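# Fold and geometry: a report
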Amino acid sequence: SSANIALDNHPDFKATLKEVTGYPSNDKALLDLASGRLDAVLVDVCVFGYYNEQQPGVYRSLEGDLGTEEFGIAFHKDADAFREEIQKALDKVIADGKATEISMKVFNRDVIAH
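Residues numbered from 1 in each chain as written. Predicted model: local features only at pLDDT ≥ 70, side-chain atom pairs only at ≥ 80, totals over all residues. Heavy atoms only, no water.

The next thing to look at is the overall build of the chain. A count of helical and extended segments in the chain gives six helices and zero strands. Counting from the amino terminus, helix and strand elements in the chain follow one another as α-α-α-α-α-α. Considered along the principal axes of its C-alpha atoms, the chain spans approximately 50 × 30 × 25 Å. By residue count, 12% of the 114 residues in the chain fall in the buried class. Of the contacts formed within the chain by residues at least 6 apart in sequence, a portion of 40% connects residues at least 24 apart. Measuring between centres, the 12 positive side-chain charges of the chain sit 4 Å from its 20 negative side-chain charges. (Helix = DSSP H or I, 4+ residues; strand = E, 2+ residues; numbered from the N terminus. Buried < 20%, exposed > 50% of the residue type's maximum accessible area, 1.4 Å probe, protein only. Contact = heavy atoms within 4.5 Å. Lys, Arg positive; Asp, Glu negative; His and termini not counted. Charge placed at Lys NZ, Arg CZ, Asp CG, Glu CD.)

Another point: the side chain of Asp 32. The topology assignment puts Asp 32 in helix 3 (residues 26–35). With sequence-adjacent residues up to four places away left out, Asp 32 is seen in contact with Tyr 23, Arg 37 and Leu 38.

A few words now on a negative patch on the surface. Together, Asp 78, Asp 80, Glu 84 and Glu 85 line one region of the surface with negative charge. Secondary-structure assignment places Glu 85 in helix 5 (residues 80–95). Given a relative accessible area of 54%, Glu 85 falls into the exposed group. (Patch = residues over 30% accessible without salt bridge, like charges linked within 9 Å, V, L, I, M, F, W, Y side chains within 5 Å. Areas by Shrake-Rupley, 256 points an atom, 1.4 Å probe, with all protein chains shown as cover. Salt bridge = Lys/Arg side-chain N within 4 Å of Asp/Glu carboxyl O.)

With that out of the way, let us pick up the packing of aromatic side chains. Evaluated as defined, the whole model comprises two aromatic pairs. Considering the side-chain rings of Tyr 50 and Tyr 51, the 5.3 Å spacing of their centres and the 90° angle between planes classify their relative orientation as edge-to-face. Given a relative accessible area of 46%, Tyr 50 falls into the partly exposed group. A centroid spacing of 5.6 Å and a plane angle of 75° characterise the contact between Phe 75 and Phe 82, whose relative ring orientation is edge-to-face. Owing to a relative accessible area of 46%, Phe 82 belongs among the partly exposed residues under this scheme. (Phe/Tyr/Trp six-rings, centres within 6.5 Å; stacked < 30°, edge-to-face > 60°.)

A cluster of nonpolar side chains, contributed by Phe 13, Leu 17 and Val 20, occupies part of the molecular surface with about 240 Å² of accessible area. Note on placement: Val 20 falls in the loop between helix 2 (11–15) and helix 3.

Another point: the pattern of salt bridges. Between side chains of opposite charge, pairing is possible as soon as their charged atoms come close. Under the definition given, this model contains four salt bridges. With a closest N to O distance of 2.6 Å, Arg 37 and Asp 32 form a salt bridge. What makes Arg 37 exposed here is its relative accessible area of 59%. Residue Asp 32 is classed as buried on the basis of its relative accessible area of 15%.

Take the environment of Ile 5 next. Along the chain, Ile 5 falls in helix 1 (residues 2–8). By relative accessible area, which is 52% here, Ile 5 ends up exposed. For the pair Ile 5 and Leu 66, spaced 61 residues apart in the sequence, the C-alpha separation amounts to 9.5 Å.

In structure tokens, the structure reads:
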């Protein structure tokens, strides 16, 4: 997972952790965190933002990060016209600031790469 990669890229930080346990999904890890079975969970900011929005006051985060991550959108190989429409729409909402506005509302931070 991207969390494992982030930890592996920061061996000094990883060495300070008492135990690292993998989970099959973020939701199971966050449920265990909320119930007190875990002390901390490493997830990407989008996942954290979603869960934090759904359950205000249950989680809190640290400032900073362990790296950046890029996301992409996959299209069927024959969907060139559709891909171009989506790209134009994304370009527009990024250029006019709407993407950042949505990001701030959903994740409480700007996750849009500029």
